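Architecture at a glance
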Amino acid sequence: MSDLQRMIDPQSIAIVGLSADPAKHGNRVLRHLRELGFTGKVHGVNPNMSDVDGVDMAAAVDELGTPPDLVICAVPAAAVTPVVDRCSGVGGMVVFAGGFAESGEEGRRRENELKSAAAAVGVRVLGPNSGGIIRPGVGLAASFLTCLDRPSGEIRAGPVALITQSGGTGSFLHNLAAEQGSGLAISISTGNEADVRLGHAVAAAASLDEVRVVVVVLETVRDGPGFVDAVRGCVAVGKPVVACRLGSGRRGQELMTTHTGAMAIPATVLSGVLETLGVHSAETPGEAFEVADAVARLGPIGPRVGVVTHSGGLAILLSDLAERHNLTLPPPSSELADSLAPSLDHGTADNPLDMGGIIGGPSRFSDVVEVVASSGEYDVVLAASSAHPPAHTSQRVDALLALQPEVPVLHLWMAGDQGATGLTRLRDAGDPVCTDPRVAVRALATATADASPAVDRPSPLLGPLEEWGLPLVDRVQAAGAEEAADAADAIGYPIVVKVESPHIAHKTEIGGVVLALDNRQRVMEAYASIIGRAGQAGIQTDEVRVEPYRPGLEMIVGGIVDPQMGPIVSVGFGGIYTELLGDVAYAPAPVTEDEAKGMIDRLRMGPLLEGARGPEPADVAELARIVSNMGRGIASGRYREVEINPLIWDGDWVAVDWLAR
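In short, a report on the structure. For every chain, the first residue of the written sequence is number 1, and numbering continues from 1 onward in sequence order. Predicted model: local features are reported for residues with pLDDT of at least 70 only, side-chain atom pairs are reported and counted for 80 or more only, and whole-chain, interface and lining totals are derived from all residues. To obtain the side-chain values, all non-hydrogen atoms of the structure were included, while hydrogens and water were left out.

1. Here's the deal with the overall build of the protein chain
The line we're drawing: The numbering of helices and of strands both runs from the N terminus, where a helix is a DSSP run of H or I of at least 4 residues and a strand a run of E of at least 2. Each residue is assigned to one of three classes by its accessible area relative to the maximum for its type, calculated with a 1.4 Å probe on protein chains only: buried under 20%, partly exposed between the two thresholds, exposed over 50%. Contacts between residues were defined by any pair of non-hydrogen atoms, one from each residue, lying within 4.5 Å. To measure how exposed things are, a 1.4 Å probe is used in the Shrake-Rupley method; for residues, cover is taken only from the protein chains shown. By the counting rule applied here, Lys and Arg register as positive and Asp and Glu as negative, while His and the ends of each chain are not counted. In plain terms, the charge of a residue is placed at NZ if it is Lys, CZ if Arg, CG if Asp and CD if Glu.
On a plain count of helices and strands, the protein chain comes out with 21 helices and 28 strands. Expressed as lengths along the three principal axes of its C-alpha atoms, the size of the protein chain is roughly 90 × 80 × 40 Å. Every one of the 661 residues in the protein chain was classed for burial, and the buried ones make up 54%. Considering only residue pairs separated by 6 or more positions, the protein chain has 70% of its internal contacts joining residues 24 or more positions apart. Total accessible area on the protein chain is roughly 26800 Å²; 50% of this is exposed by carbon and sulfur atoms. Looking at charge distribution, the protein chain has the averaged site of its 50 positive side-chain charges lying 5 Å from that of its 82 negative ones.

This is the structure we're talking about:
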């Protein structure tokens, strides 16, 4: 954070490329800084201009005297690196220009030159291809985005921070916030991330006191370990993270490379990482902001959710959504149900509570909300106002705003244009309010989620696989048919014989595995067959592995050092299921045993581990320990890939085949 402090809270700014042309980015930045009320010093840099609208000008940044905290580089791509060369002592730089890594080989060369120049002079760079930084609370408008063209009074500070790799998405969300009477505490558009990465921006935003929730709109993660650390830092200080992932489909990933030059991470891997970190997902940027804004206004709450509505259909929909998001909707006690009975008109005193008819007076809805919120049986109440007589709206909102509930109330306002004035009044009052039931339920799921406590990460294991606590099958290496048969006699039948060679990653693909051998002669025949098939595949070896045959439920446990995300651990169903179903969960390594258990719980076929359809229930706690140990091992840095496939449950867990690079 200290590296970015001057960038997000500058006392002095230099605009490189400032001109008198109001259509140019530099002039737009100057105008927006003044409109938002920036009180620091503003300089202009342009060797061809001596004066622009009363701003002190210089021919280069290093001719300003004292280096500014922030340089806004509003010049074409080819001119950026020469500017960087003269920024020694500058706190940070925003680079608007495109034409770098996203544009092809020449652009990648230009971006590498930019990185080298920034490192040489010691300046932090946001971008290139960045939409800049907007922080209304301090008048910072280091951006050319069109959202700043609206009246400055509508560009408000709010409780949500936005970190996005897409400048246009940032502009949209500022406009959405303004439309809803809210705002953003800060938005940072990271662009190509030549220097300042997603994790740096998340950490910087979360350090601000005014930020309560962080929204991340991401296409990829270029520095996985840094991003993981930043998100864990947010969770540690009680600031939830809501993410919207762009580019999860094939075509989206293709477009992504031409947008910010980003390399795609498989959607399943990134989704698993986000889920393990406790990041809450949204399907669109707008949904992400609305969820975050509601969560910020609710604050942290307990898990017991009470729902009040006067629409049976909405009650059913909210029940479905709550189940999908694992929300707890405990039924009211008999005492509470009895006290609510006089307020119901052919409704149901359940949870969701359906009040039934709505003609019984404009205050009846708020009366019921207050009773439920003051019952002591719920930690939060979702007050779902659907269509009602327009004449009731004003009095209904009066009563809702006058409530003194003992727990927070989230308003789901679905009254349409007939109730639009009520929606505006609730928002103007600063109450948490949504208009979409999906947003409301996601917000409650986010706000009620147990924050992951700060835990000491497991220490990496440094030794070979056995020392990682991974249960490898007993095995004997043999070079020759007689030697293989002797090993089989010693181990006991039935036996498996497998080809052994560092040049064969997947033995079954060349016919290098023979199962369930029950006598010495069959072992010798299997040896000859396996060695022959290896030779046909171009692999010269005379070694096989002889081990006991142990059929059972097959799992796959793996670890890999991803070039973007860093160490990743995975667990899923192995054998034929690996390729057919892809039922695998991923997480950043290392993981605790509790986090590993959470990964296992996410598997679609998880009920098989509990004994569904007949098999003996597996020891899931031991499986979680194995996954945690695999994560510790891959995080140690000794290997770049380790895979156990399959890890078999037959009353005990045992790894019967593995690969390590």
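Moving on from the coordinates now.
2. Here we look at the pattern of salt bridges
As a reminder of what qualifies: Only one rule defines a salt bridge in this text: a Lys or Arg side-chain nitrogen within 4 Å of an Asp or Glu carboxyl oxygen.
For the structure on display, the rule yields 39 salt bridges. The closest approach of N and O atoms between Arg522 and Asp518, which form a salt bridge, is 3.5 Å. Arg522 gets classed as partly exposed once you look at its relative accessible area, which sits at 34%. Residue Asp518 is classed as partly exposed on the basis of its relative accessible area, which comes to 47%. Bridged by salt links that share partners, the residues Lys498, Glu500, Lys507, Arg545, Glu547 and Asp657 form one connected network.

3. What about the sheet that holds strand 11 (residues 213-218)?
This is how it is decided: The rule for pairing is simple: two strands pair if DSSP sees at least two bridges between them. A fitted line through C-alpha atoms represents every axis, and for helices the fit uses only the stretch in contact; the resulting angles, taken between N-to-C directions, go from 0 to 180 degrees.
Within the open sheet, the 7 strands sit side by side as 8-7-10-9-11-12-13. Their pairing is mixed. Only two strands of the sheet have a single neighbouring strand rather than two, namely strand 8 (140-142) and strand 13 (280-282). Averaged over all pairs of adjacent strands, the angle between strand axes in this sheet comes to 25 degrees, irrespective of strand direction. Contacts from helix 5 (residues 167-179) reach strand 7 (132-135), strand 9 (156-164), strand 10 (183-189) and strand 11 within the one sheet, and its direction differs from that of strand 9 by about 160 degrees.

4. What about helix 2 (residues 25-36)?
At 3.6 residues per turn, the α-helix brings residues three or four places apart onto the same side. To keep it simple, the criterion reads: Here the expected length of a helix is defined as 1.5 Å per residue gap, with one fewer gap than residues.
The terminal C-alpha atoms of helix 2 lie 16 Å apart, and with 12 residues this matches the ideal 16 Å at 1.5 Å per residue to within 8%. Considered for burial, the residues of helix 2 that qualify are Gly26, Asn27, Arg28, Val29, Leu30, His32, Leu33 and Leu36. Buried residues along helix 2 sit in contact with strand 1 (12-16), strand 2 (41-45), strand 4 (70-73) and strand 8.

5. Focus on the sheet that holds strand 17 (residues 409-413)
Strand order in the open sheet made by the 5 strands is 15-14-16-17-18, with parallel pairing throughout. The strands lining the two open edges of the sheet, one partner per strand, are strand 15 (353-354) and strand 18 (433-434). Where strand 16 (residues 380-385) and strand 17 come together, 5 bridges link them in parallel fashion. Paired with Ser385 across the bridge in strand 17 is Trp413. Strand contacts of helix 15 (residues 420-428): strand 17 and strand 18, with the helix running at about 150 degrees to strand 17, the strand carrying the most contacts.

6. A closer look at the packing of helix 7 (residues 224-236) against helix 9 (residues 267-277)
Counted only if it meets this: We call two directions roughly parallel when the angle between them is under 35 degrees, roughly antiparallel when it is over 145, roughly perpendicular when it lies between 65 and 115, and oblique otherwise. Note on convention: the crossing is left-handed when the near helix lies turned anticlockwise from the far helix by less than a right angle, right-handed when the turn is clockwise. Residues are grouped as follows: Ala, Val, Leu, Ile, Met, Phe, Trp, Tyr, Cys and Pro are nonpolar; Asp, Glu, Lys and Arg are charged; every other residue, Gly included, is polar.
For the pair helix 7 and helix 9, interaxial distance at closest approach is 10 Å and the crossing angle is 30 degrees. Overall, the two elements helix 7 and helix 9 adopt an arrangement that is roughly parallel. Two packed elements cross with a definite hand, and for helix 7 against helix 9 that hand is right-handed. Residues Phe227, Val228, Val231, Arg232 and Val235 of helix 7 pack against Val273, Leu274 and Leu277 of helix 9. Grouping the constituent residues of the contact of helix 7 with helix 9 by class yields 7 nonpolar, no polar and 1 charged.

7. Quick word on empty space enclosed by the protein
Empty pockets left among the atoms are what a rolling probe the size of a water molecule brings to light. For the record, the criterion: For each structure, a 1 Å grid was placed over the protein atoms alone; sets of points admitting a 1.4 Å probe that cannot get out are labelled cavities, open sets with protein on both sides within 12 Å along at least five of seven lines are labelled pockets, and lining residues have an atom within 4 Å of a point. Grid points are joined across faces, edges and corners, and a volume is the space filled by probe spheres set on the points.
Scanning all chains against the criterion turns up 6 cavities of 30 Å³ or more. Counted as a void, the largest cavity has a volume near 80 Å³. If you trace the largest cavity, you find it lined by Gln180, Gly181, Ser182, Asp293, Arg297, Arg427, Gly430, Asp431, Pro432 and Val433. Among the residues forming the lining of the largest cavity, the class breakdown is 2 nonpolar, 4 polar and 4 charged.

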